[in-house]
Structures are given as C-alpha cells and as structure tokens.
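# A look at the structure
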Amino acid sequence: MNYQNDYATTQNNRKWPELRDERLPSFPTQYLPADCADLVEKVAASSAIPVDYAACG
C-alpha cells in the first residue's frame, strides 16, 4: 500500500513533495553558558540522544 499516493487521491490529486535527505544543523550549544553547554553535551552523550533533546529537557 502506498500511503502517499492513497492520500493524494483523496486530496485533489496533489502529491506530497519529495523529502530531502538533509539534516538540520546541530543545536548551537556554543551560545549557552559554558557550564550549561557542558551539561547538555554530557547528558546527550550519556543518554545517546541528540543534543537538541537534552537542551530542551
């Protein structure tokens, strides 16, 4: 089953745009206070999560 084409047929036959395989830039930890940036980077590394997630938590 092709969900994209099935959805397009129910939405005036407009197909979704192709996804680009680009990554967003890394979270700018250099703009955080040094101790906070260090903590965020260590939490991300020890939890195997992106720095963005650690910075938001």
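In this text, all values refer to a predicted model and were calculated from it rather than measured experimentally.

### Some details on the side chain of Thr29
You can see Thr29 is positioned in the loop between helix 1 (3-10) and helix 2 (34-47). Not counting residues up to four positions away in its chain, the partners in contact with Thr29 are Ala37, Val40, Glu41 and Val51.

### Regarding unusual backbone geometry
With phi around 55°, Ala48 is a residue other than glycine that occupies positive phi space. Checked against the element boundaries, Ala48 lands in the loop between helix 2 and helix 3 (51-56). The exposure class of Ala48 is exposed, given its relative accessible area of 72%.

### A look at a nonpolar patch on the surface
On the surface, a cluster of nonpolar side chains totalling about 380 Å² of accessible area is made up of Leu39, Val43, Ile49 and Tyr53. The exposed category is assigned to Tyr53, whose relative accessible area is 58%.

### Notes on the pattern of salt bridges
Scanning all chains against the criterion turns up two salt bridges. One salt bridge connects Glu22 with Arg20, and the closest N-O pair in it is separated by 4.0 Å. Overall, the relative accessible area of 58% leaves Glu22 in the exposed class. For Arg20, a relative accessible area of 68% corresponds to the exposed category.

Rules behind the numbers
- Each chain has its residues counted from 1, following the order in which its sequence is written.
- Per-residue local features are limited, in this predicted model, to residues with pLDDT of at least 70; the limit for side-chain atom pairs, both in listing and counting, is 80 or more; totals at the level of whole chains, interfaces and linings are taken over all residues.
- To get the side-chain values, take all heavy atoms of the structure and skip hydrogens and water.
- Secondary structure elements follow DSSP: runs of H or I of four or more residues count as helices, runs of E of two or more count as strands, with numbering from the N terminus.
- Whether two residues are in contact is decided by their heavy atoms: any pair within 4.5 Å suffices.
- Remark: exposure states derive from per-residue accessible area (1.4 Å probe, protein chains only) relative to the maximum for the residue type, with buried under 20%, exposed over 50%, and partly exposed in between.
- Nonpolar side chains (Val, Leu, Ile, Met, Phe, Trp, Tyr) within 5 Å and like charges within 9 Å form the patches, drawn only from residues with over 30% relative accessible area and no salt bridge.
- For the accessible areas, the method is Shrake-Rupley and the probe is 1.4 Å, while residue cover comes only from the protein chains on display.
- We define a salt bridge as a contact between a side-chain nitrogen of Lys or Arg and a carboxyl oxygen of Asp or Glu at a distance within 4 Å.

Read these as spatial facts, not as claims about activity.
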